[in-house]
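# Chain and residue survey
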Amino acid sequence: MDMIRALLATALTLAAATVPAAEGFVSPALPAPAGEPFGSDPLALLTLTNSTARSAVCERLPAGADLPPGGALRVRLDGPATPGSMPWHIQLTAPSAAAMAKGTTLLVEFWMRTESSAAETGEGLAGVVLEEAQAPYAKAIEQEVAAPSDGAWVRVAAAGRAKSDYRTGRAQVNITLNSARSQALLIGGLRVLDLGPAVEPRDLPLPRITYEGREPDAPWRAAAQARIETLRKGDLAVRVVDAQGRPRAGVPVAVDMVRHAFPFGIAINGSWLVDPGADGERCRAWVRDNCSIVVLENDLKWGPWEWGLANDRQGPPAAGDHRHSRTRALAALRWLKDQGIAARGHCLVWPGWTYLPQRLRALAGDPARLAAEADGHITDILDATAPCGIVEWDVVNESWANRDLSGAIGPGALAGWFRLAAAHAPPGCRLFYNDYAHLRRAPGGEFRAFVEELVLGLKRDGAPIAGLGIQSHFGSSLPGPAAVLAELEAVHGRIGLPLGITEFDVNPAEQEDVQADFTRDFLTACFSSPAVSEFLMWGFWEGQHWLKPAALYRQDWSPKANARAWESLVRGAWWTRARAVTDADGVARVRGFKGLHRVTASVDGLALSTDAVIGERPAEALLGATVPAR
């Protein structure tokens with residue numbers, strides 16, 4: 001994940017507030033305002049400011065049937081954000097027309113709609129700020145907002161108290177727009193109200209984030225649990241015998257899970273898996289206890305792979321140095337292999353100039369040289385990592401939004417990369433295409449169709465593609481689990497390949513209760529789906545997370561509510577801890593989750609143990625005592 005996206009996500013600190021709009025553009029009842037400090041039509045005062053080299057265009061739309069009263073503004077940003085730019089470097093700004101007293105409660109409300117967005121969530125992203133127009137820019141309101149991918153109008157409302165006396169013309173309302181990726185938004189119905197000091201912001205009818213099917217008795221839950229029982233569990237018969245092979249009845253048997261067969265895992269930069277410090281040890285311990293698969297977040301991307309070689313030439317990294325290093329990446333992969341944890345490779349080609357070594361852009365007019373560079377990189381990294389036993393590779397990442405390299409090389413580039421990867425990857429390594437087109441609220445449209453046709457085209461070309469990775473980054477617009485399940489089934493049916501949930505996180509701003517509930521419910525829906533082959537989170541600890549508010553654990557390792565949701569399932573409800581007693585035939589039967597288990601029993605004071613795998617077919621484990629028969 002690139003730095004610009006992280007800056008966008010962390011620059012605005014208060015909770016998001018968007019929900020689907022009611023019929024029309026009707027706001028809930030509000031206290032009578034003491035004034036309208038930006039006039040009766042603040043939308044007319046908004047002007048677009050742009051302090052970047054990025055293309056940004058604003059046009060005014062007159063009132064219409066599908067627009068808020070007074071019309072709307074259409075704002076379009078093209079191309080990625082300028083490196084180092086911040087959300088407020090492109091914004092709509094209006095100056096105040098009246099004074100506001102310190103302590104008064106202010107409310108900003110408008111309607112917002114996404115026309116297009118290249119963000120992973122598919123949402124249109126913005127921010128709303130009401131502040132002094134000069135240093136120290138004391139802010140009454142500062143809030144990130146989003147509109148869903150389905151094109152629905154949403155009411156945005158944010159409130160706060162003035163931090164100082166704002167004189168006429170010395171305050172401003174800003175709608176910040178500099179998203180990390182291209183987007184087009186409609187914004188209308190803007191009003192700014194001064195509600196006086198007696199109104200508490202928390203008492204106002206501000207939108208709250210939720211999703212369909214969140215209720216404890218939602219119908220999808222029972223069906224999901226029934227599928228999990230059938231799909232994700234298996235039978236184990238534990239036979240206990242004496243030294244002569246005769247069955248021992250009445251023996252207590254324990255079957256305890258060691259590792260899931262279903263790949264649950266995370267993304268982490270490889271340096272943390274070899275870091276000698278206390279945080280490195282905490283990372284390794286958590287990975288050992290919770291993961292059956294791990295993807296190195298950035299180490300194996302083309303750019304970092306080259307930077308890592310340069311860093312290696314500068315000498316061994318010092319403790320606490322987390323620059324990319326091939327040496328550390330390979331050491332991290334070896335550590336995972338030693339622990340029996342599968343490794344996932346991400347990614348061989350991310351075909352946009354932004355995510356490639358910058359030297360390649362100069363070759364844009366030389367397709368043969370570019371093809372040779374890509375082939376050389378794929379061969380180099382796969383040969384270097386082959387001894388580490390990587391079990392999956394994302395061959396191509398995000399081709400919808402990034403087609404520079406593949407477009408310059410020409411038709412057949414992607415299929416050629418898959419074939420070359422298959423020739424150099426370890427035996428049995430599964431090759432994926434990875435993108436973010438699916439599982440957004442009301443998914444559909446050109447984006448999703450592009451991804452599915454790309455996958456089907458690869459299959460027609462004979463490319464050895466084994467699965468589709470669905471990134472699953474979520475913001476404030478959350479799909480219901482029933483809709484997720486329906487979409488997973490439909491996509492699987494259309495493309496005929498397993499679906500990996502490869503990059504899950506959810507950041508509904510500071511609504512940690514919603515974050516925890518959605519983590520629980522989305523995880524449950526995916527685990528219950530026969531279409532889903534794995535589930536990876538894109539980070540887990542604030543100390544190493546591209547989007548800190550989405551982490552499970554805070555910087556000090558204290559768990560958040562979403563961590564408890566994860567643990568309650570992956571290490572709780574879905575973790576076998578079975579107890580049984582052998583029958584007259586010396587057999588104890590248990591049903592547990594598929595994966596590796598430790599089987600133990602005690603016979604006449606003698607401790608017996610063995611490993612057993614619960615899988616697709618009924619399994620057996622034998623515990624043979626060496627004590628004499630009775």
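Residues numbered from 1 in each chain as written. Predicted model: local features only at pLDDT ≥ 70, side-chain atom pairs only at ≥ 80, totals over all residues. Heavy atoms only, no water.

### Re the overall build of the protein chain
For the record, the criterion: Each helix is a run of H or I in the DSSP string that is no shorter than four residues. Each strand is a run of E no shorter than two, and both are numbered from the N terminus. The globule rule used for comparison is 2.2 Å times the number of residues to the exponent 0.38, while the radius of gyration itself is calculated over C-alpha atoms. Per-residue accessibility, obtained with a 1.4 Å probe over protein chains only, is compared with the maximum for each type, and a residue is labelled buried under 20%, exposed over 50%, and partly exposed between these values. Should any heavy atoms of two residues lie within 4.5 Å, those residues are considered in contact. Where accessible areas are quoted, they stem from the Shrake-Rupley method and a 1.4 Å probe; at the residue level, only the protein chains shown are allowed to cover. When charges are counted, Lys and Arg are positive and Asp and Glu negative, with His and the chain ends excluded. By convention, charge coordinates are those of NZ in Lys, CZ in Arg, CG in Asp, or CD in Glu.
The helix and strand tally for the protein chain stands at 12 helices and 27 strands. Against the compact-globule benchmark of 25 Å for 630 residues, the protein chain has a radius of gyration of 28 Å, which places it among compact chains. Taking the principal axes of the C-alpha coordinates as reference, the protein chain spans close to 95 × 60 × 50 Å. The proportion of buried residues among the 630 residues of the protein chain is 57%. Long-range contacts, defined as pairs at least 24 residues apart, comprise 78% of the intrachain contacts of the protein chain with a sequence gap of at least 6. For the protein chain, the accessible area works out to roughly 24300 Å², and carbon and sulfur atoms hold 55% of it. Of the side chains in the protein chain, 63 bear a positive and 70 a negative charge, and the two mean positions are spaced by 3 Å.

### Regarding the confidence of the model for the protein chain
Defined as follows: Note on scores: pLDDT gives the predictor's confidence for each residue, bounded by 0 and 100.
Chain-level pLDDT for the protein chain is 90 on average; 94% of the residues reach the 70-or-more range. Residue range residues 1-23 is modelled with pLDDT below 50. Its contacts to residues more than four positions away, or to other chains, number 86 contacts.

### Points about the sheet that holds strand S23 (residues 577-581)
The pairing of strands in a sheet happens through backbone hydrogen bonds and is either parallel or antiparallel. Note the following rule: When DSSP finds two or more bridges between a pair of strands, those strands are recorded as paired. A fitted line through C-alpha atoms represents every axis, and for helices the fit uses only the stretch in contact; the resulting angles, taken between N-to-C directions, go from 0 to 180 degrees.
With respect to topology, four strands assemble into an open sheet ordered S23-S13-S25-S26, the strand pairing being antiparallel. Only two strands of the sheet have a single partner each, and these edge strands are S23 and strand S26 (606-614). Neighbouring strand axes in the sheet, compared pairwise and without regard to direction, differ in orientation by 20° on average. When strand S13 (residues 252-260) meets S23, the two strands line up antiparallel, connected through five bridges. Paired with Val-255 across the strands is Ala-578, a residue of S23.

### Some points on the packing of helix H9 (residues 446-460) against helix H10 (residues 481-495)
Running from N to C, H9 and H10 cross one another at 35°; their axes reach a closest spacing of 10 Å. Between H9 and H10, the contacting residues are Arg-448, Glu-452, Val-455, Leu-456 and Lys-459 on the first element and Glu-487, Val-491, Arg-494 and Ile-495 on the second.

### What about the packing of aromatic side chains?
The geometry of an aromatic ring pair is captured by the separation of the ring centres together with the interplanar angle, meaning the angle of the planes. The line we're drawing: Aromatic pairs are defined between Phe, Tyr and Trp rings, using the six-membered ring for Trp, whenever the two ring centres lie within 6.5 Å; interplanar angles under 30 degrees are classed as stacked, those over 60 as edge-to-face, and all others as tilted.
Summed over all chains, the structure comprises 28 aromatic pairs. Between the aromatic rings of Phe-504 and Phe-522, the centroid separation amounts to 5.2 Å while the plane-to-plane angle is 15°, which identifies the pairing as stacked. One end of the pair, Phe-504, is in strand S21 (residues 499-506); the other, Phe-522, is in helix H11 (residues 512-528), with 18 residues separating them in the sequence. When its relative accessible area of 1% is taken as the criterion, Phe-522 is described as buried. Geometrically, the ring pair formed by Trp-541 and Trp-557 is stacked, given 4.6 Å between the ring centres and 10° between the ring planes. Separated by 16 residues along the polypeptide, Trp-541 in the loop between strand S22 (532-537) and helix H12 (561-573) and Trp-557 in the loop between S22 and H12 bring together distant segments of the chain.

### Some words on unusual backbone geometry
Note that the residue after His-346, namely Cys-347, is joined by a cis bond; omega there is -10°. Along the chain, Cys-347 falls in strand S16 (residues 342-349). At Glu-398, a position not held by glycine, the phi torsion is positive, near 55°. Within the fold, Glu-398 resides in the loop between strand S17 (392-397) and helix H7 (404-409). Glu-398 gets classed as buried once you look at its relative accessible area, which sits at 0%. Of note, Ser-472 is a non-glycine position whose phi angle comes to about 70°, a positive value. In this structure, Ser-472 sits in the loop between strand S19 (467-470) and strand S20 (473-474).

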